[in-house]
Amino acid sequence: MADTLRKLFGQGPSRDMYLVIGSSVATTLVVVTIARLALAPTPPKRIIRSPRETLLPKISKQEQVDLPYPPDAFPGARDVESPYGTCRVYEWGPETGRKVLFIHGISTPCISLGGVANALVTKGCRVMLLDLWGRGYSDSPNLPHDSRLYTTEILLAITSSKLPWSMGFSIIGYSLGGGIAADFGAYFPDMIESVVLLAPSGLIRDYHFGWQSKLLYTGILSDELIERIVRRRLTSGPSNQSTVQKLSKKGARSNAENVVVAETRLGGDKHYASRDTPLSKERPNITVASAVQWQIAYNGGFVRSFISSIKYASITKSGETWAKLRNLRSKVVVIAGSTDEVIVAEELHEDAGDAVGEDRMEWRVVEGGHEFPITSPDLVAKEIGDIWGI
């Protein structure tokens, strides 16, 4: 270093020149360090807590009752703690009845399946509902929301019961919950008495996802940027109506967030009944749309869990896993909506038949779109009851 400086400055730089060079180097290092700290993304929280901790302690009991998703929406509420966070579980019905676990969709908390669950309770079933990670009153862990994480949540839920669920139960999954239920049944066939899939994900064909979704969810953009974009889309209110109209055109490519629109019909179109369908006869003020909007506003982990589910959960290309369902002790029950634009009945019938085998599948089509388990719970319960003989 000194020889180089002598060549440049003859006899060598003066003491003052050394000070100037040293100060410049130090200043550059400080500026670079500050820039890195300022521009670096904020490290994600390991666990984002649900409204159970962030909201409920701050409001009165009456205000809790008046929430779009009250914490006592169903009987038998409990919170199951784990290293992944806490998940909300409900369990009720005759203790000696057939045990049935419900897994809801990507955007709705478990109240979306309350109608079907209550209908099966009247048929003598013991039911369990849980809020998937990042939904409703469940925390959001900073882990890929894939088959492994959701399988763990199911095992946490059933082993937290005082009843021996692991000795055998039926599982009903709706939309994303259908993909999760299929995964669980494929790898734990000895635990499962019956798998029922309502408009399930897992076999959605690629053409349904446009280039925008592929850009958003392939890891090119930072997680923070993706969360901002998705949150803005999910909270865009009435502007979603145009999305619904576009999605209604058969074969239209869609953003992954349109599944939220399909499950809840947040666009306000009067033709979509699920928007204002009461989820409980006892509490007619509780609707899916209001509960989802509340969830977006108050569960800080929802958007993160939503995005992670699209990236890692069973949405498409699950044919190999579905093929393992042939090992179940009973046929797989698959029910589709006649006008579903997200899970197209004809495509699902063909792809599920190829994966599971026509002889190992009970196939049904009911009137309605993707939201049919919400708008027609008694019809869905009747179809299931007829197949189960209850």
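Position numbers for residues count from 1 along each chain, tracking the sequence in the order it is written. The predicted nature of this model means local features are confined to residues of pLDDT at least 70 and side-chain atom pairs, given and counted, to a pLDDT of 80 or more, with totals for whole chains, interfaces and linings taken over all residues. Calculated side-chain values reflect all of the structure's heavy atoms, with hydrogen atoms and water omitted.

Looking at the packing of helix H6 (residues 147-159) against helix H7 (residues 176-187)
Phase 1: Angles shown run from 0 to 180 degrees and are taken between the N-to-C directions of axes, each axis being a line fitted to C-alpha atoms and, for helices, limited to the stretch in contact. Where helices and strands are cited, they refer to DSSP runs of H or I of at least four residues and of E of at least two residues respectively, numbered from the N terminus. Here H6 crosses H7 at 80 degrees, and the two axes come no closer than 10 Å. Accordingly, the angle class assigned to the pair H6 and H7 is roughly perpendicular. Facing Ser-147, Tyr-150, Thr-151, Ile-154 and Leu-155 of H6, the residues of H7 in contact are Leu-176, Ile-180, Asp-183 and Phe-184.
Phase 2: The class makeup of the residues in the contact of H6 with H7 is six nonpolar, two polar and one charged. Note on angle classes: values under 35 degrees are labelled roughly parallel, values over 145 roughly antiparallel, values of 65 to 115 roughly perpendicular, and the remainder oblique. Whether two residues are in contact is decided by their heavy atoms: any pair within 4.5 Å suffices. Three classes are used, and their members are as follows: Ala, Val, Leu, Ile, Met, Phe, Trp, Tyr, Cys and Pro are nonpolar, Asp, Glu, Lys and Arg are charged, and the others, Gly among them, are polar.

Some remarks on the side chain of Ser-112
Phase 1: If you trace the backbone, Ser-112 turns up in the loop between strand S4 (99-103) and helix H5 (114-121).
Phase 2: In the analysis that follows, any N or O atom pair within 3.5 Å is treated as a polar contact, provided that within protein one partner can donate a hydrogen and the other can accept it, and provided that, for residues neighboring in sequence, both atoms belong to side chains. At a separation of 3.0 Å, a polar atom in the side chain of Ser-112 contacts the side chain of Thr-108.

Considering the environment of Val-303
Phase 1: Here Val-303 shows up in helix H13 (residues 302-312).
Phase 2: Overall, the relative accessible area of 1% leaves Val-303 in the buried class.
Phase 3: Distance in space between the C-alpha atoms of Val-303 and Gly-134 is 7.8 Å, their sequence separation being 169 residues.
Phase 4: If we skip the residues at most four places from it in the chain, Val-303 touches Glu-227, Val-230 and Arg-231. Any residue under 20% of the maximum accessible area for its type is buried, any over 50% is exposed, and the rest in between are partly exposed; the area is computed with a 1.4 Å probe on protein chains only.

Remarks on the side chain of Thr-86
Phase 1: Structurally, Thr-86 can be placed in strand S3 (residues 85-92).
Phase 2: A distance of 3.4 Å separates polar atoms of two side chains, one belonging to Thr-86 and the other to Arg-52.
Phase 3: Those residues in contact with Thr-86, other than ones at most four positions away along the chain, are Arg-49, Arg-52, Asp-79, Val-80, Glu-81, Trp-133, Tyr-137, Ser-138 and Asp-139.

Description of the sheet that holds S3
Phase 1: In space, the eight strands of this open sheet follow the order S2-S3-S5-S4-S7-S8-S9-S10, with mixed pairing throughout. Only two strands of the sheet have a single neighbouring strand rather than two, namely strand S2 (77-82) and strand S10 (361-366). Averaged over all pairs of adjacent strands, the angle between their axes in this sheet comes to 20 degrees, without regard to strand direction.
Phase 2: Pairing between strands is defined by DSSP: at least two bridges between them are needed. As paired elements, S4 and strand S5 (residues 126-130) share four bridges and run parallel to each other. Across the sheet, the residue bridging to Lys-99 is Arg-126, located in S5.
Phase 3: The strands that helix H17 (residues 377-388) touches are S4, strand S7 (169-174), strand S8 (192-198), strand S9 (332-337) and S10; relative to S10, the one it contacts most, it runs at about 155 degrees.

A word on H7
In an α-helix, one turn spans 3.6 residues, which is why side chains three or four residues apart end up on the same side.
Phase 1: A rise of 1.5 Å per residue sets the reference length of H7, with its 12 residues, at 16 Å; its end C-alpha atoms lie 17 Å apart and thus fit the reference within 8%.
Phase 2: Next to the buried residues of H7 lie S4, H6, S7, S8, H13 and helix H14 (319-323). The length a helix should cover is 1.5 Å for every residue beyond the first.

With respect to the environment of Glu-193
Phase 1: Its place among the elements puts Glu-193 in strand S8.
Phase 2: By relative accessible area, Glu-193 is classed as partly exposed at 28%.
Phase 3: Counting along the chain gives 136 residues from Glu-193 to Arg-329, while the straight-line C-alpha distance between them is 6.7 Å.
Phase 4: Those residues in contact with Glu-193 that lie beyond four places of it in its chain are Arg-98, Gly-168, Phe-169, Ser-170, Arg-329 and Ser-330.

Some thoughts on the pairing of S5
Phase 1: Within S5, five of the five residues are buried, which leaves it mostly tucked inside the rest of the structure.
Phase 2: For S3 and S5, the ladder comprises four bridges, and the chain directions are antiparallel. When the bridges of S5 are listed, Tyr-90 appears paired with Leu-129.

A look at the confidence of the model for the chain
Phase 1: For the chain, per-residue confidence averages 84 on the pLDDT scale, and 77% of positions sit at 70 or higher.
Phase 2: Per-residue confidence from the predictor is reported as pLDDT, a score between 0 and 100. Predicted confidence is poor over residues 30-35, with pLDDT under 50, and the contacts of this stretch with residues over four places away or in other chains come to zero contacts.

Some thoughts on the pairing of S8
The side chains of a regular strand alternate between both faces of the sheet.
Phase 1: For S8, the tally of buried residues reaches six of seven residues, placing the bulk of the element in the interior.
Phase 2: Note that S7 and S8 share six bridges and pair parallel. In the sheet register, Phe-169 faces S8, and the bridge partner there is Ile-192.
Phase 3: Sheet topology note: the S8/S9 ladder contains three bridges and is parallel. Bridging from a neighbouring strand, Leu-197 pairs with Val-334 of S9.

Some words on the pattern of salt bridges
Any two side chains of opposite charge can pair if their charged atoms end up close together.
Phase 1: Only one rule defines a salt bridge in this text: a Lys or Arg side-chain nitrogen within 4 Å of an Asp or Glu carboxyl oxygen. Applying the stated criterion across every chain yields a total of 15 salt bridges.
Phase 2: Note that Lys-162 and Glu-95 form a salt bridge whose closest N and O atoms lie 3.0 Å from each other. Of the two residues, Lys-162 sits in the loop between H6 and S7 while Glu-95 sits in the loop between S3 and S4, which places them 67 residues apart along the sequence.
Phase 3: For Lys-162, a relative accessible area of 67% translates into the label exposed.
Phase 4: One continuous salt-bridge network, built from bridges that share partners, spans Arg-78, Glu-91 and Arg-126.

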